[in-house]
Every structure is written in structure tokens, then in C-alpha cells.
Amino acid sequence: AQTVTQSQPEMSVQEAETVTLSCTYDTSENNYYLFWYKQPPSRQMILVIRQEAYKQQNATENRFSVNFQKAAKSFSLKISDSQLGDTAMYFCAFMKPRLYSGGGADGLTFGKGTHLIIQP
Amino acid sequence: DAGVTQSPTHLIKTRGQQVTLRCSPKSGHDTVSWYQQALGQGPQFIFQYYEEEERQRGNFPDRFSGHQFPNYSSELNVNALLLGDSALYLCASSLVVQGASGANVLTFGAGSRLTVL
């Protein structure tokens with residue numbers, strides 16, 4: 001079974017600063033996917049960024065980037081030029097891909113989350 | 001383009017009762033997954049439905065059951081409610097690409113908040 005650990009329950013930074021959220025995971029799989037999701041007070045999970053384990057290049061989406069260290073099983077999220085709207089819970093998640101005639105994939109395994117607060 | 005819609009948004013039940021939660025997937029999606037998110041925790045995978053069958057299941061007892069309808073919408077049923085079932089129940093939909101491996105990108109709904117007294 002996979003486990004995902006987020007060791008920072010809460011972080012607070014000033015607007016426009018850069019912040020890095022940590023995530024480590026444990027798996028015996030060689031091929032898998034990693035995600036960062038954002039959950040604002042509206043409760044809806046929003047995909048921030050995703051990384052495929054077989055890709056060496058770190059994923060980037062505008063102000064969001066990851067530092068994926070496969071050997072260390074580490075997957076941190078960097079938010080540059082942080083904005084007030086970035087305030088939310090951030091969850092790191094793992095998914096094992098699956099190929100079978102019915103399609104689909106295993107469910108996501110989430111960490112406990114980091115509450116990120118952007119101060120004005 | 002409508003995203004994932006869930007109903008009801010909030011509900012209160014008492015121990016021992018049964019509850020049904022509903023989910024309509026995003027237009028064009030054919031797979032529905034359900035997650036339980038207890039307060040202060042990350043979501044936990046309950047099960048996934050595709051082609052009206054339960055395809056994957058997490059570590060949840062048989063009190064948790066589901067159904068998927070021909071229009072891809074889904075229901076989550078929980079019997080004999082316990083206090084510990086109080087949580088936010090999230091539905092997520094995705095589209096299966098036949099014969100392809102990989103991770104389907106999930107679109108989540110805003111959830112149904114269940115309180116068991």
C-alpha cells in the first residue's frame with residue numbers, strides 16, 4: 001500500500017513571497033503519478049499540477065512548479081509570487097496507473113494536507 | 001460546461017439510519033469515484049464505478065455501497081450510520097481511455113457534508 005506524508009500542517013507567508021510545501025511518499029511501484037490538489041473553503045478539490053514518475057523533467061504550471069526526487073520519494077510544490085487567492089488546503093496525492101479492459105485507475109491516496117495562509 | 005454536481009450539500013442523520021448521496025459527473029465523463037474526507041484529514045478512496053460496476057474499492061466496510069446508472073450518474077449509500085461516518089463525501093469523475101494506461105485526471109464536486117448525531 002502507498003502512503004503519502006505531508007509534514008507541515010500549516011504554513012504562512014506574505015503575499016508575493018515564494019513558498020515550498022513538502023511531500024514524501026512510500027511505494028514499491030516504479031510507474032505512478034503524483035498530484036498536488038488545492039482545496040479552498042468552497043471545498044472543491046482543484047488540480048494544481050501533476051507529475052508522471054517516468055518523466056525526469058519537473059512539471060510546471062505558471063506560478064506552480066514541483067521538485068520531484070524519485071529516488072528520495074519526495075515531491076515538493078513551489079508557489080512563486082504567492083497571491084491571496086492561493087490561501088487554501090493543499091494536498092499531495094499518489095495514483096498507481098492501471099491498465100485493464102475496463103479502463104480506469106486505482107484511487108488517489110492523499111496526504112493529510114498543508115493549510116497555506118497568504119498574508120496581505 | 002457543467003462540472004461535477006453533488007446533492008445534498010448538507011444533511012444530518014442519526015446513528016443507525018441510512019443515507020444516500022448523489023453525484024452527476026462532468027459532461028463527457030464516464031467514471032465516478034467516491035471519497036470520504038473526515039475533518040482535518042485528506043480524502044480517502046471509497047470506491048470507483050465504471051460501466052455500472054464497482055471496479056476498485058478502498059478499505060471501507062460493506063455498509064458503504066454504490067450504484068452507477070446508465071447516464072453515468074452515481075449514488076453512494078451508507079447503512080447503519082455511525083458517528084465516525086460524519087465527514088465530507090466527495091465525488092470525482094473522469095473519462096476512461098480504452099486500452100490506455102495512465103492516470104485519469106479527476107474532476108471533483110464540492111461534496112456532501114454528512115453529520116451523524
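Residues numbered from 1 in each chain as written. Chains lettered and ligands numbered in written order. Predicted model: local features only at pLDDT ≥ 70, side-chain atom pairs only at ≥ 80, totals over all residues. Heavy atoms only, no water.

(A) Layout of the pairing of strand β6 (residues 46–52) of chain A. As paired elements, strand β5 (residues 33–39) of chain A and β6 of chain A share six bridges and run antiparallel to each other. In the strand pairing of β6 of chain A, F35 of chain A is matched with R50 of chain A. (Pairing = 2+ DSSP bridges. Helix = DSSP H or I, 4+ residues; strand = E, 2+ residues; numbered from the N terminus.)

(B) View of the pairing of strand β12 (residues 114–119) of chain A. All names here are of chain A. The two faces of β12 differ: T114, L116 and I118 on one face are buried, but H115, I117 and Q119 on the other face are not. As paired elements, strand β2 (residues 10–14) and β12 share five bridges and run parallel to each other. Following the sheet pairing, M11 is matched in β12 by L116. Note that strand β10 (residues 88–95) and β12 share three bridges and pair antiparallel. Within β12, the position partnered with A88 by the bridge is L116. (Buried < 20%, exposed > 50% of the residue type's maximum accessible area, 1.4 Å probe, protein only.)

(C) Region of interest: the state of the cysteines. Tallied over the entire structure, the rule returns two disulfides over all chains. At a sulfur-sulfur separation of 2.0 Å, the disulfide partner of C23 of chain A is C92 of chain A. Taking the sign of the S-S torsion, -65 degrees for the link of C23 of chain A and C92 of chain A, the bridge is left-handed. Taken together, the positions of C23 of chain A in the loop between β3 (19–21) and β4 (24–26) and C92 of chain A in strand β10 put the pair 69 residues apart, joining distant regions of the chain. Across the pair, exposure class does not vary: C23 of chain A and C92 of chain A are buried alike. A disulfide bridge connects C23 of chain B with C91 of chain B, and the sulfur atoms are separated by 1.8 Å. On the sign convention where negative means left-handed, the S-S torsion of about -65 degrees between C23 of chain B and C91 of chain B marks this disulfide as left-handed. With C23 of chain B in strand β3 (residues 19–24) and C91 of chain B in strand β9 (residues 87–94), this residue pair connects regions lying 68 residues apart in the sequence. Judged by its relative accessible area of 0%, C91 of chain B is buried. (Disulfide = S-S within 2.5 Å.)

(D) Spotlight on the nonpolar core. Counting residues in hydrophobic clusters, the biggest one holds 26 residues, and the most contacted among them are L21, Y25, W36, F75, L77, Y90 and L116 of chain A. The set of elements that each furnish at least two residues to this core consists of β2, β3, β5, β6, β8 (64–69), β9 (74–79), β10 and β12 of chain A. When residues in this core are grouped by element, the largest group, four residues, is from β10 of chain A. Setting aside residues up to four positions removed in sequence, Y90 of chain A forms contacts with Q6, L21, W36, Y37, K38, V48, F64, L77, I79, G113, T114 and L116 of chain A. Counting 20 residues, the second-largest nonpolar core is a separate cluster that includes W34, F60, Y89 and C91 of chain B. (Core = buried A, V, L, I, M, F, W, Y, C linked by side-chain atoms within 4.5 Å. Contact = heavy atoms within 4.5 Å.)

(E) Looking closely at the packing of aromatic side chains. Following the criterion strictly, the structure yields 15 aromatic pairs over all chains and no others. Plain terms: the ring middles of W36 of chain A and F75 of chain A are 6.3 Å apart, the flat faces sit at 20 degrees to each other, and that makes the pair stacked. Of the two residues, W36 of chain A sits in strand β5 while F75 of chain A sits in strand β9, which places them 39 residues apart along the sequence. According to the relative accessible area criterion, F75 of chain A is buried, its value standing at 0%. Ring centres of Y37 of chain A and F108 of chain B lie 5.4 Å apart, and the angle between their planes is 80 degrees; on these two criteria the pair is classed as edge-to-face. Of this pair, Y37 of chain A sits in strand β5 while F108 of chain B sits in strand β10 (residues 107–108), which puts the two residues in different chains. Given the relative accessible area of 0%, Y37 of chain A is considered buried. On the basis of relative accessibility, which here comes to 1%, the residue F108 of chain B falls in the buried class. Every member of this aromatic cluster is reached through a ring pair, and the members are F35, Y37, F91 and F110 of chain A together with Y35, F45 and F108 of chain B. (Phe/Tyr/Trp six-rings, centres within 6.5 Å; stacked < 30°, edge-to-face > 60°.)

(F) How the structure looks around the environment of V4 of chain A. Its location among the elements puts V4 of chain A in strand β1 (residues 3–5). Setting aside its immediate chain neighbours within four residues, V4 of chain A contacts C23, T24, Y25, C92, F94, T109, F110 and G111 of chain A.

(G) Region of interest: the pattern of salt bridges. Within this structure, the stated rule accounts for nine salt bridges over all chains. Among the salt bridges present, the one from E51 of chain B reaches R55 of chain B, with a minimum N-O distance of 3.1 Å. Here the residues in one salt-bridge network are R50, E52 and K55 of chain A, joined through shared partners. (Salt bridge = Lys/Arg side-chain N within 4 Å of Asp/Glu carboxyl O.)

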